[in-house]
Amino acid sequence: MVTARLILDPHFAVGAINRRIFGSFVEHLGRCVYDGIYEPGHSTADAEGFRGDVIDLVKELGTTTIRYPGGNFVSGFKWEDSVGPREDRPRRLDLAWHSTETNEIGLHEFSSWLAKVDSELMLAINLGTRGVEEALDLVEYTNIRSGSTLSDQRIANGQVEPFGVTMWCLGNEMDGPWQLGHRSAEDYGKIASQTAKALRQLDERLELVVCGSSSAQMPTFGSWERTVLQHTYDDVDYISCHAYYEERGGDLTSFLASGVNMDHFIESVVATADSVKAELRSSKQINISFDEWNVWYIDRYQQVDRITDIEEWPVAPRLLEDVYSVADAVVFGSLLISLLKHADRVQSASLAQLVNVIAPIMTEPGGDSWRQTTFFPFAVTSRLARGTVLEVRLESDTHETKEYGTVATVDAVATVDAEAGTAAVFLVNRSETEEATVTIDVAALGDLGLLEASTLADDDVYAANTLADQNRVGLSPNTSAVIVDGVVTITLPAVSWSAVSLG
Ligand code: AHR
């Protein structure tokens, strides 16, 4: 039996939760947009062709900010193609995913969909094949009220009010050799700085994200962040982090401890940003936009799905349609714990992605939509994690992993909403064989009762929800949870993710 103990004290706060941490990502990739959020012939489609069942699921998931339209797609994207009368919009080859982009859905339509799911638009700019001028044009089109050619064009295209987009990504994964317009850190740092300065001359309200590394495994990780920030420190607000995890070579033990890697990744980027701050004698703090994170079986894409045939440029092919297991969802829940533990510096995050493409929500054309296993930790964490993250004093048994050495078997984070008089604790048990008994001392939070305790676990850690068996895996009430004299005791099954709420 594994044991762990946490003490929560409202005096020890990590930081306020920025709700943008519960963001997601919609890329023009595979069936994320077409046959995903948009399917005009579907029985639940609304007048604009958006699937009502998907809208309901996205609302239940609880996303806040949605990054759009890529991803790798954005580095070859001409935003002008996606606005104006639909019949005039060009069909373009998308080199990133070897597909055809019809531009049936563009900025206006996507923005209208966002209003239906109560989420904010976060736009990425093409700094792959384009530059400062096109970025300025896009911000003029989206954010200037009227009286200029592009703002008036937006109005003529049906959007009288500016879109008022605040969050902007200055390109995507520009460190990656696969990226159209891939650049060295020096070259990217210069163009990102020039673009940021120009955009701020147009609209000083913008919040700008400069590209960090596309993963902590990149050979340039660390030096990329340093060089890019040396060029852009005064011009931007955030540096991005991207991370995808998968079980490799049957090493479930290491995979379950992926959160340790995410913790280290975040802390390394914070350290690098703060060392540039010191070098520059700046008083400004750069925060993190963790704008791509998830479990992703990248090898399956490389070896099975990837299209390379010059004759083949399909519209909305089935790409990156990973089916997530219970183990994947437990890791996924632990990644959310890691993001929350760093709430003082992670101010925005985007689960990559939202529908069909490495997604918590799946759809079948003309058919059903369903929740993958990863849906549950996201929905519950977004609903319950409110207010402030507390520094939990965690004492846990440990175990060995090949990838990350000795790790805590139980990981956890807690949040408290002083105004609402509620608190929540999110926990993961990484043991493959043993239950964990966790005691959580909440006495310092006042007189709280147990509101809800739920757990995601299964005897088969590879069980998943599929079209044929859509509700195979779900959350179960954790009936072991009790509170006595300000101490919660809960038993966590092996390989499980849990949430406890108090109020
Ligand atoms: O989310 C899938 C892809 O992963 C994105 O397009 C890219 O930015 C990353 O490499």
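Above this note sits the structure.
Reading the values: rules and limits
- Residues numbered from 1 in each chain as written.
- Predicted model: local features only at pLDDT ≥ 70, side-chain atom pairs only at ≥ 80, totals over all residues.
- Heavy atoms only, no water.
- Helix = DSSP H or I, 4+ residues; strand = E, 2+ residues; numbered from the N terminus.
- Rg over C-alpha atoms; globule rule 2.2 N^0.38 Å.
- Areas by Shrake-Rupley, 256 points an atom, 1.4 Å probe, with all protein chains shown as cover.
- Lys, Arg positive; Asp, Glu negative; His and termini not counted.
- Charge placed at Lys NZ, Arg CZ, Asp CG, Glu CD.
- Phe/Tyr/Trp six-rings, centres within 6.5 Å; stacked < 30°, edge-to-face > 60°.
- Buried < 20%, exposed > 50% of the residue type's maximum accessible area, 1.4 Å probe, protein only.
- Salt bridge = Lys/Arg side-chain N within 4 Å of Asp/Glu carboxyl O.
- Pairing = 2+ DSSP bridges.
- Arc of directions from axis to C-beta.
- Contact = heavy atoms within 4.5 Å.
- Near = heavy atom within 4 Å.
- Polar contact = N/O pair within 3.5 Å; in protein donor to acceptor, adjacent residues only side chain to side chain.
- Nonpolar A, V, L, I, M, F, W, Y, C, P; charged D, E, K, R; others polar.
- Axes fitted to C-alpha atoms, helices over the stretch in contact; angles between N-to-C directions.

**Student:** Tell me about the overall build of the protein, and name the residues and values.
**Tutor:** Looking only at helices and strands, the protein features 11 helices and 26 strands. Rg of the C-alpha trace for the protein: 22 Å, near the compact-globule value of 23 Å for 503 residues, within the 12% margin. Of the accessible surface of the protein, which amounts to about 18,800 Å², a share of 48% is contributed by carbon and sulfur atoms. Here the protein holds 38 positive side-chain charges and 75 negative ones, and the gap between their average locations is 5 Å.

**Student:** Quick one: what's the story with the packing of aromatic side chains, residue by residue and with numbers?
**Tutor:** Geometrically, a pair of aromatic rings is defined through the distance of the ring centres and the angle of the planes. For the structure shown, the criterion picks out 14 aromatic pairs. Ring geometry for Tyr-68 and Phe-110: centres 3.8 Å apart, planes at 5 degrees, overall stacked. Taken together, the positions of Tyr-68 in strand 4 (residues 65-68) and Phe-110 in helix 2 (residues 107-116) put the pair 42 residues apart, joining distant regions of the chain. Here Phe-110 falls in the buried class, since its relative accessible area comes to 0%. Measuring from ring centre to ring centre gives 5.6 Å for Tyr-188 and Trp-224, while their planes differ by 15 degrees; the resulting arrangement is stacked. On the criterion of sequence distance, the pair formed by Tyr-188 in helix 5 (residues 185-202) and Trp-224 in helix 6 (residues 223-232) is long-range, its members being 36 residues apart. According to the relative accessible area criterion, Tyr-188 is buried, its value standing at 0%. Taking relative accessible area as the criterion, Trp-224 reaches 3% and is therefore assigned buried.

**Student:** Please set out the pattern of salt bridges residue by residue, giving values where relevant.
**Tutor:** Where charged atoms from two side chains of opposite charge come close, those side chains can pair. Applying the stated rule across the entire model yields 31 salt bridges. The shortest N-O distance in the salt bridge between Glu-279 and Arg-226 comes to 2.6 Å. With a gap of 53 residues between them, Glu-279 in helix 8 (residues 258-279) and Arg-226 in helix 6 connect regions that are remote in the sequence. For Glu-279, a relative accessible area of 39% corresponds to the partly exposed category. Accessibility expressed as a relative area gives 29% for Arg-226, which makes it partly exposed. Glu-452 is paired through a salt bridge with Arg-383; the nearest N and O atoms lie 2.8 Å apart. Pair noted here: Glu-452 is in strand 22 (residues 450-456) and Arg-383 is in helix 11 (residues 375-384), with a separation of 69 residues, a long-range link.

**Student:** An account of the sheet that holds strand 23 (residues 476-477) is requested, with residue identities and associated values reported.
**Tutor:** The sheet built from 7 strands is open, its strands ordered 2-15-19-20-26-22-23 with antiparallel pairing. Each edge of the open sheet carries a strand with a single partner, namely strand 2 (13-16) and strand 23. In the sheet, strand 20 (residues 422-429) pairs with strand 26 (residues 496-502) via 7 bridges, with the strands oriented antiparallel. Residue Asn-429 lies in a different strand from strand 26, and its bridge partner there is Ser-496.

**Student:** How would you summarise helix 4 (residues 149-156) if you had to cite specific residues and measurements?
**Tutor:** Given 3.6 residues per turn, any residue in an α-helix points the same way as the ones three and four places further on. Within the sequence span of helix 4, burial applies to Leu-150, Ser-151 and Arg-154. Taken down its axis, helix 4 places every buried residue within 105 degrees of arc, on the same side. Exposed residues on helix 4 whose side chains face more than 90 degrees from its buried face are Thr-149 and Ala-156. The secondary structure elements touched by the buried residues of helix 4 are helix 2 and helix 3 (132-143). A positive phi of about 105 degrees marks Gly-158, the residue just after helix 4.

**Student:** Any details on the site of the ligand? Residues and values, ideally.
**Tutor:** Every residue close to the ligand is listed here: Phe-25, Glu-27, Gly-71, Asn-72, Trp-97, Asn-172, Glu-173, Tyr-244, Glu-292, Trp-296, Gln-353 and Ile-358. In the environment of the ligand, an oxygen atom lies 2.9 Å from a nitrogen or oxygen atom belonging to the backbone of Asn-72. Between Gln-353 and the ligand, the recorded distance is 3.0 Å, taken from a side-chain N or O atom to an oxygen atom. For the ligand, whose unbound accessible area comes to 290 Å², protein coverage reaches 96%. Looking at the shell around the ligand residue by residue, the class counts come to 5 nonpolar, 4 polar and 3 charged.

**Student:** I'd like to hear about the pairing of strand 25 (residues 487-492), residue by residue, with values.
**Tutor:** Only one face of strand 25 is buried: it carries Val-488, Ile-490 and Leu-492, and the other face, with Val-487, Thr-489 and Thr-491, is open. Direction of pairing for strand 24 (residues 482-484) relative to strand 25: antiparallel, over a ladder of 3 bridges. Within the sheet, the bridge partner assigned to Val-482 lies in strand 25 and is Thr-489. Linking two consecutive strands that pair antiparallel, namely strand 24 and strand 25, is a turn of 2 residues; a positive phi of about 50 degrees is found at Asp-485 within it.

**Student:** Account for the environment of Leu-206, naming residues and giving values.
**Tutor:** Its location among the elements puts Leu-206 in the loop between helix 5 and strand 9 (207-210). For Leu-206, the residues in contact, after removing those within four places along its chain, are Val-139, Asn-143, Val-165, Thr-166, Trp-168, Leu-199, Arg-200 and Asp-237.

**Student:** Summarise the sheet that holds strand 3 (residues 23-25); cite the residues concerned and give the values.
**Tutor:** Pairing within the closed barrel is parallel, and its 8 strands lie in the order 3-4-7-8-9-10-11-12. Averaged over all pairs of adjacent strands, the angle between strand axes in this sheet comes to 30 degrees, irrespective of strand direction. Relative to strand 7 (residues 120-124), strand 4 is paired through 4 bridges, and the arrangement is parallel. What sits directly across from Arg-67, in strand 7, is Met-122. Docked against the sheet, helix 8 engages strand 10 (238-245), strand 11 (287-295) and strand 12 (346-352), running at close to 160 degrees with respect to strand 10.

**Student:** Could you give an account of unusual backbone geometry, with specific residues and numbers?
**Tutor:** In this structure, Pro-69 follows Tyr-68 across a cis peptide bond, with omega equal to 0 degrees. Following Gly-70, the chain continues into Gly-71 via a peptide bond in cis, with omega recorded as 10 degrees. Residue placement: Gly-71 occurs in the loop between strand 4 and strand 5 (92-94). A positive phi angle, close to 65 degrees, is found at Asn-103, a residue other than glycine. Residue placement: Asn-103 occurs in the loop between strand 6 (99-101) and helix 2. The residue Val-495 is not glycine, and still its phi comes out positive at about 45 degrees.

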